[in-house]
Amino acid sequence: METLKSCILVPFSFCEHSFEAGRIAFYWAEKMNASLLFLHITTQKDTSLLEVEIDNTKTQYIKEIEEKTLPDISFEFHLKQGVIEDVIKQYDKKLRPILVIMGTRDKKQKQTDLIGSVTAEVMEQIKTPVLAIPNEIFLKPLERIKNIAIATSLGKHYLQNYDKGMQFFKEFTGNIHVLHVMETGEINHKEDYDDKQQKMQDLLTKAKTAYPNANITPKFIEATQSRARELNFFAEINKIDLIVVKKSNRLWLLNKLLFASTAQNLVFHAETALLVI
């Protein structure tokens, strides 16, 4: 397997939503000076029809590049047999892409098969940031994104996590909403709440230094429902283009068996694009 320089990995099916996620990938690759590797994974032994589909998709993307409706980015397709999550994990380990871009299932599919979501499982298993794009959501090119919500636990590595999330938005000039969703009753524990307030202030100082032209707003939200639903509600009310959230630090197997992380729940219920770092 050849290692590409500054590669974005795009797991790909041949549905319209996957094709649209591919279009979005071209714009992100242009901004990040990266190439694209589209990856289709199958369990079929006879791949002749899939190879035709790949050729047709490549032809369509090339046409749009020539018509200047897509940026001229180097891209290629790989066709592999195997279990989707396992193959993506192998590619992530060998290629070390800077980003993985995936479409998510529609709401009906999410409700009937939550833990089975390929996107949710992939984002918990790999180290690379994952951009998850919900069905029927058109994510703007990077330079047109103006409202970002960054969810922070204000935990041990909160400053490093902020840096990791914002590496994709250099010279950002829009609105950055820094959010901490509190557990019910957390605000009543004064010592802990004061500590979180101080950490939020430290984070804002760092953010304003790094992004002097951005409008940065802190927000503490006391959860009356799940953190994922609180974030989605905030995103809807404030017309957020993208939510940035850190993946769970919990062991993935335990997480899969017992509960879904905030990031997973966001994938299941999101109506906003999600960057999981």
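Thresholds applied
- Residues numbered from 1 in each chain as written.
- Predicted model: local features only at pLDDT ≥ 70, side-chain atom pairs only at ≥ 80, totals over all residues.
- Heavy atoms only, no water.
- Helix = DSSP H or I, 4+ residues; strand = E, 2+ residues; numbered from the N terminus.
- Expected span 1.5 Å × (residues − 1).
- Buried < 20%, exposed > 50% of the residue type's maximum accessible area, 1.4 Å probe, protein only.
- Salt bridge = Lys/Arg side-chain N within 4 Å of Asp/Glu carboxyl O.
- Pairing = 2+ DSSP bridges.

S.K.: Is there a simple way to think about helix 1 (residues 16-32) in this case?
M.R.: Here helix 1 spans 25 Å end to end across 17 residues, near enough to the 24 Å set by a 1.5 Å rise per residue. Burial analysis of helix 1 places 13 of its 17 residues in the buried class, which makes it a mostly covered element. Immediately downstream of helix 1, the backbone of Asn 33 shows phi near 55 degrees, a positive value.

S.K.: Explain the pattern of salt bridges here, please?
M.R.: Oppositely charged side chains may form a pair once their charged atoms are brought near each other. A full pass over the atoms with the stated rule returns four salt bridges. One salt bridge in this structure joins Asp 195 and Lys 199, with 3.6 Å as the shortest N-O distance. A residue pair is termed a helical-turn pair when its members lie 3 or 4 positions apart in one helix, as Asp 195 and Lys 199 do in helix 7 (residues 190-210) at four residues. Judged by relative accessible area, which is 35%, Asp 195 ranks as partly exposed.

S.K.: Can you help me understand the pairing of strand 9 (residues 242-245) in this one?
M.R.: On any regular strand, side chains alternate: one points to one face of the sheet, the next to the other face. Residues Leu 242 and Val 244 point to one face of strand 9 and Ile 243 and Val 245 to the other, with burial holding for every one of them. Bridge analysis of strand 6 (residues 147-151) against strand 9 gives three bridges, and the strand direction is parallel. Within the sheet, the bridge partner assigned to Ile 148 lies in strand 9 and is Leu 242. Sheet topology places strand 9 next to strand 10 (residues 273-276); four bridges connect them, and they run parallel.

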